[in-house]
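Secondary and tertiary structure notes
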Amino acid sequence: MKNKHIHILTLAILLLFMTNCKKESKDIRNNYIGNWNFEVVRSSFIMDSLYTVDTVNYMGSISSGNSNNEIILQYTDENSIILNIDDNGVMSGFPTQYSGGEFNGKNKIHLYLRWGGLGGGTTHTIDGVKQ
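Please read all numbers here as calculations on a predicted model, not as lab measurements.

**As for the overall build of the chain**
Counting its secondary structure elements, the chain contains one helix and eight strands. The helix and strand sequence of the chain, counted from the amino end, reads α-β-β-β-β-β-β-β-β. Counting only carbon and sulfur atoms, one obtains 53% of the accessible surface of the chain, whose full area is about 9,100 Å².

Okay, here's the thing in structure tokens:
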């Protein structure tokens, strides 16, 4: 009878531990954090006429932001952007409605960023491969 009580007590303790353990949610950002090789095409325009274009290859990075859903993309020495990412890897928080981008798996990214108004502006087309 004594052994039966010990088994029941042991089982109760195990069940208590199992119900108190919280599952840690996976941080989706870990899939993308690291060093990235970016090819960046930067252009400026006035009234739909292109007047400056340059292409930069840059060994940049993607890192975690301050909030749980932020990522920081450093894609040139002087250019970075903070975006939000959801549990499915979908990015948001782009600077304008004309901007967008997506991850292609865990090791490729494509972004199109556009700023400006009143007939002029700047675009950055960014393609990256995780190293």
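Resuming the write-up.
**Some remarks on the side chain of threonine 123**
Relative to the elements of secondary structure, threonine 123 occurs in strand β8 (residues 120-130). Threonine 123 gets classed as buried once you look at its relative accessible area, which sits at 7%. Those residues within four positions of threonine 123 in sequence are excluded, and the remaining contacts are Val41, Arg42, Ser43, Phe45, Tyr112, Leu113 and Arg114.

**Some words on the pattern of salt bridges**
Under the counting rule described, the total for this entry stands at three salt bridges. Across the pair aspartate 54 and arginine 42 runs a salt bridge, and its minimum N-O distance is 2.9 Å. Here aspartate 54, found in strand β2 (residues 49-64), pairs with arginine 42, found in strand β1 (residues 34-46); they are 12 residues apart in sequence, far enough to count as distant. Overall, aspartate 54 belongs to the partly exposed group, its relative accessible area being 30%. Of the charged contacts, one joins arginine 42 and glutamate 78 as a salt bridge, the two residues approaching to 2.6 Å between their closest N and O atoms.

**Overview of the sheet that holds β8**
With antiparallel pairing, the eight strands of this open sheet are ordered in space as β5-β4-β3-β2-β1-β8-β7-β6. Because the sheet does not close on itself, it has two edges, and the strands there are β5 (91-92) and β6 (100-103). Two strands pair when backbone bridges link them, and strand β3 (residues 70-74) and strand β4 (residues 80-85) are joined in this way by five bridges, in the antiparallel orientation. Bridging from a neighbouring strand, leucine 73 pairs with isoleucine 81 of β4.

**Thoughts on the nonpolar core**
Within the largest apolar cluster, 21 residues are counted, with the highest numbers of intra-cluster contacts made by Ile62, Phe103 and Ile109. Listed by contribution, the elements that provide at least two residues to this core are β1, β2, β3, β4 and β7 (108-117). Residues contacting isoleucine 62, with those up to four places away along its chain left out, are Tyr32, Ile33, Gly34, Trp36, Phe38, Ile71, Ile72, Leu73, Phe103 and Ile109.

**Quick look at a nonpolar patch on the surface**
A cluster of nonpolar side chains, contributed by Ile46, Met47 and Tyr51, occupies part of the molecular surface with about 370 Å² of accessible area. Looking at the element boundaries, tyrosine 51 is found in strand β2. Of the residues examined, tyrosine 51 reaches a relative accessible area of 53% and is grouped as exposed.

**Here we look at the packing of aromatic side chains**
Applying the stated criterion across every chain, the model contains three aromatic pairs. For the pair tryptophan 36 and phenylalanine 38, a centre-to-centre distance of 6.2 Å together with 10° between the ring planes defines the contact as stacked. Like tryptophan 36, the residue phenylalanine 38 is buried in the burial classification. Measuring from ring centre to ring centre gives 6.2 Å for tryptophan 36 and phenylalanine 103, while their planes differ by 50°; the resulting arrangement is tilted. Highlighted residues: tryptophan 36 in strand β1 and phenylalanine 103 in strand β6, separated in sequence by 67 residues. Grouped by ring-pair contacts, the aromatic residues Tyr32, Trp36, Phe38 and Phe103 constitute a single cluster.

What counts, and at which threshold
Residues numbered from 1 in each chain as written. Predicted model: local features only at pLDDT ≥ 70, side-chain atom pairs only at ≥ 80, totals over all residues. Heavy atoms only, no water. Helix = DSSP H or I, 4+ residues; strand = E, 2+ residues; numbered from the N terminus. Areas by Shrake-Rupley, 256 points an atom, 1.4 Å probe, with all protein chains shown as cover. Buried < 20%, exposed > 50% of the residue type's maximum accessible area, 1.4 Å probe, protein only. Contact = heavy atoms within 4.5 Å. Salt bridge = Lys/Arg side-chain N within 4 Å of Asp/Glu carboxyl O. Pairing = 2+ DSSP bridges. Core = buried A, V, L, I, M, F, W, Y, C linked by side-chain atoms within 4.5 Å. Patch = residues over 30% accessible without salt bridge, like charges linked within 9 Å, V, L, I, M, F, W, Y side chains within 5 Å. Phe/Tyr/Trp six-rings, centres within 6.5 Å; stacked < 30°, edge-to-face > 60°.

What is shown is where atoms sit, not what they do.
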